Amino acid sequence: LQRDAKGQYLFDLLCHHLNLLEKDYFGIRFVDPDKQRHWLEFTKSVVKQMRAQPPFTMCFRVKFYPTDPAALKEEITRYLVFLQIKRDLYHGRLLCKTSDAALLAAHILQAEIGDYDPGKHPEGYSSKFQFFPKHSEKLERKIAEIHKTELSGQTPATSELNFLRKAQTLETYGVDPHPCKDVSGNAAFLAFTPFGFVVLQGNKRVHFIKWNEVTKMKFEGKTFYLYVSQKEEKKIVLTYFAPTPEACKHLWKCGIENQAFYKLEKSSQVRTVSSSNLFFKGSRFRYSGRVAKEVMESSAKIKREPPEIHRAGLVPSRSCPSITHGPRLSSVPRTRRRAVHISIMEG
């Protein structure tokens, strides 16, 4: 990269490498030396956003989860979203009841190893894969049973599509959790989904607010405020406390971007937003991309031969927060994680 290269250049470079056209759902994330997560801003210089020294390590991942992943135009896009949700399942961000968990895991098995073959898949074969932070032998048996009896003949693309269809029905689909505390000091996770704002405590969703009910988001220091207007002119303010001011600002920016992407009809409606009141100095931020409706309209116009997909197992990452935590089994196949190393050139 040239020293003054902006985030958009790097993102376009990656999407070209992946042969990805429906790229608006994705982004580049990095973690600063203080362990704070950030989305790379496309309108700003890559180098100026990084507080660490090169080489820089970044993650390409889903930023805006499709409202209906089955409606994505290209298989390559669905595959990349499948990988992300598979990762969410592994890290405990996609919560579900046991029967749903077994079905999702069986679809992953079918997509990755194909039809059940007694010659290749001995008793207990499903235990060699870890789909969740922790699971029981009973669940492993249920996964294997579904894989053997219900999914035979499904191609990887079909299994991935069925996986996505099931995942999108779950309450925590699209959740990228931000750890916080409520006004009583209880731990909570705040998250933004295609359908609205959610708050999770333990394994339960305690708040769900649709995007059209959110009237304002702001932050002051470590305090995040969500202003909500519901039926019968009922107005409430939800208050949460992030671990640091930097984490609170990141939460606020994610909220502004998600609401703009999912709620607005067109990107020309996007406005610069201030983090605090008119008379107080605060952060100003503007979402710079297209909105979901525009992305869908653009995707419908794609006409090309479907690109070849090189499927591979996903390498779990330990850097992303999860809602639940559990032991990892030593039998999980591990491969070397590849980092993106960026060389900065003068001039």
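Higher on the page you've got the structure.
This structure is a prediction, so every number in the text was calculated from the model and none was measured.

Some remarks on the packing of helix H4 (residues 98-113) against helix H6 (residues 156-167)
Inference 1: The contact between H4 and H6 brings their axes to 8 Å, and the two run at 160°. Between H4 and H6, the crossing angle belongs to the class labelled roughly antiparallel. Helix-helix and strand crossings are classified by hand; for H4 and H6 the assignment is left-handed. Contact residues: H4 offers Asp100, Leu103, Leu104, His107, Ile108, Gln110 and Ala111, while H6 offers Pro156, Ser159, Glu160, Asn162, Phe163, Lys166 and Ala167.
Inference 2: Within the contact of H4 with H6, the residues separate by chemical class into 7 nonpolar, 4 polar and 3 charged.

Topic: the pattern of salt bridges
Inference 1: On inspection of all chains with the given rule, the structure shows 19 salt bridges.
Inference 2: Ionic pairing is found between Glu220 and Lys218, a salt bridge with its closest N-O pair at 3.7 Å.
Inference 3: Residue Lys218 is classed as buried on the basis of its relative accessible area, which comes to 6%.
Inference 4: Taken together, the shared-partner salt bridges in this structure form one network comprising Arg29, Arg37, Arg61 and Asp176.

Remarks on the pairing of strand S5 (residues 187-193)
Within a regular beta strand, the side chains point alternately toward one face of the sheet and then the other, so they alternate between its two faces.
Inference 1: For S5, the buried fraction is high: 6 of the 7 residues fall into the buried class.
Inference 2: Sheet topology places strand S4 (residues 178-181) next to S5; 4 bridges connect them, and they run antiparallel. Directly across from His178, in S5, lies its bridge partner Leu190.
Inference 3: Count of turn residues in the S4/S5 antiparallel hairpin: 5 residues, of which Gly185 carries a positive phi of about 85°.
Inference 4: Two elements, S5 and strand S6 (residues 196-201), share 5 bridges in a ladder whose sense is antiparallel.

Brief notes about helix H7 (residues 245-263)
Inference 1: In a regular helix each residue adds 1.5 Å, so 19 residues correspond to 27 Å; H7 covers 27 Å between its end C-alpha atoms and thus fits that length.
Inference 2: Extensive coverage of H7 is indicated by the burial of 14 of its 19 residues.

Some thoughts on the packing of aromatic side chains
Inference 1: Within the structure shown, the criterion is met by 19 aromatic pairs.
Inference 2: Measuring from ring centre to ring centre gives 5.9 Å for Phe64 and Tyr287, while their planes differ by 85°; the resulting arrangement is edge-to-face. Of the two residues, Phe64 is situated in the loop between strand S3 (59-62) and helix H3 (75-90) and Tyr287 in the loop between strand S12 (284-285) and helix H8 (292-299); the sequence distance between them amounts to 223 residues.
Inference 3: Taking the centre distance of 6.0 Å and the plane angle of 20° together, the rings of Phe192 and Trp211 count as stacked. With a gap of 19 residues between them, Phe192 in strand S5 and Trp211 in the loop between strand S7 (204-210) and strand S8 (214-220) connect regions that are remote in the sequence.
Inference 4: For Phe192, a relative accessible area of 6% puts it in the buried group.

Some thoughts on the environment of Phe195
Inference 1: By secondary structure assignment, the location of Phe195 is in the loop between S5 and S6.
Inference 2: Phe195 gets classed as partly exposed once you look at its relative accessible area, which sits at 36%.
Inference 3: For the pair formed by Phe195 and Lys263, sequence separation is 68 residues and the distance between their alpha carbons is 8.9 Å.
Inference 4: Among residues more than four places away in sequence, those in contact with Phe195 are Thr67, Tyr173, Phe208, Ile209, Lys210 and Trp211.

Side note on the sheet that holds strand S1 (residues 26-31)
Inference 1: The antiparallel open sheet is built from 3 strands, whose spatial order is S2-S1-S3. The open sheet is flanked by strand S2 (37-39) and S3, the only strands paired with a single partner. Strand-to-strand, the axes of this sheet are offset by a mean angle of 40°, without reference to chain direction.
Inference 2: Pairing of S1 with S3 involves 4 bridges; the strand directions are antiparallel.

Observations regarding the nonpolar core
Inference 1: With 83 residues, the main nonpolar core has Ile85, Ile143, Leu190, Phe197, Met217, Phe224 and Leu226 as its most contacted residues.
Inference 2: When residues of this core are assigned to their parent elements, the largest contribution, 9 residues, is made by H7.
Inference 3: When sequence neighbours within four positions are dropped, the list of residues in contact with Leu226 reads Phe197, Ile209, Val214, Lys216, Met217, Ile236, Val237 and Leu238.
Inference 4: Within the second largest apolar cluster, 6 residues are counted, among which are Leu95, Ala191, Val198 and Leu200.

Quick notes on the rules
- As a convention, each chain's residues are numbered from 1 in the sequence order in which they are written.
- Residue-level local features of this predicted model are given only where pLDDT is at least 70; pairs of side-chain atoms are given and counted only at 80 or more, and the full residue set underlies all totals for whole chains, interfaces and linings.
- Only hydrogens and water are set aside when side-chain values are computed; all heavy atoms of the structure are taken into account.
- Axis definition: a line fitted to C-alpha atoms, limited for helices to the stretch in contact. Angles are taken between N-to-C directions and run from 0 to 180 degrees.
- Each helix is a run of DSSP H or I of at least 4 residues and each strand a run of E of at least 2, with the numbering of both proceeding from the N terminus.
- Any angle that falls under 35 degrees is termed roughly parallel, while one over 145 is termed roughly antiparallel, one within 65 to 115 roughly perpendicular, and all others oblique.
- Definitions for this section: a left-handed crossing has its near helix turned counterclockwise from the far helix by less than a right angle. A right-handed crossing has that turn clockwise.
- Working rule for contacts: check all heavy atoms of both residues, and any pair within 4.5 Å makes them a contact.
- In this count, Pro and Cys sit with the nonpolar residues alongside Ala, Val, Leu, Ile, Met, Phe, Trp and Tyr, while Asp, Glu, Lys and Arg are called charged and the others, Gly among them, polar.
- Take a side-chain nitrogen of Lys or Arg and a carboxyl oxygen of Asp or Glu: if they are within 4 Å of each other, that pair is a salt bridge.
- A 1.4 Å probe rolled over the protein chains alone gives each residue an accessible area, and that area as a share of the maximum for its type sets the label: buried under 20%, exposed over 50%, partly exposed in between.
- Strand pairing is defined by DSSP finding a minimum of two bridges between the two strands.
- Residue count minus one, scaled by 1.5 Å, sets the expected span of a helix.
- Any Phe, Tyr or Trp ring, taking Trp's six-membered ring, that has another such ring centre within 6.5 Å forms a pair; planes under 30 degrees apart are called stacked, those over 60 apart edge-to-face, and the others tilted.
- What makes a nonpolar core is a set of buried Ala, Val, Leu, Ile, Met, Phe, Trp, Tyr and Cys residues whose side-chain atoms join them at distances within 4.5 Å.

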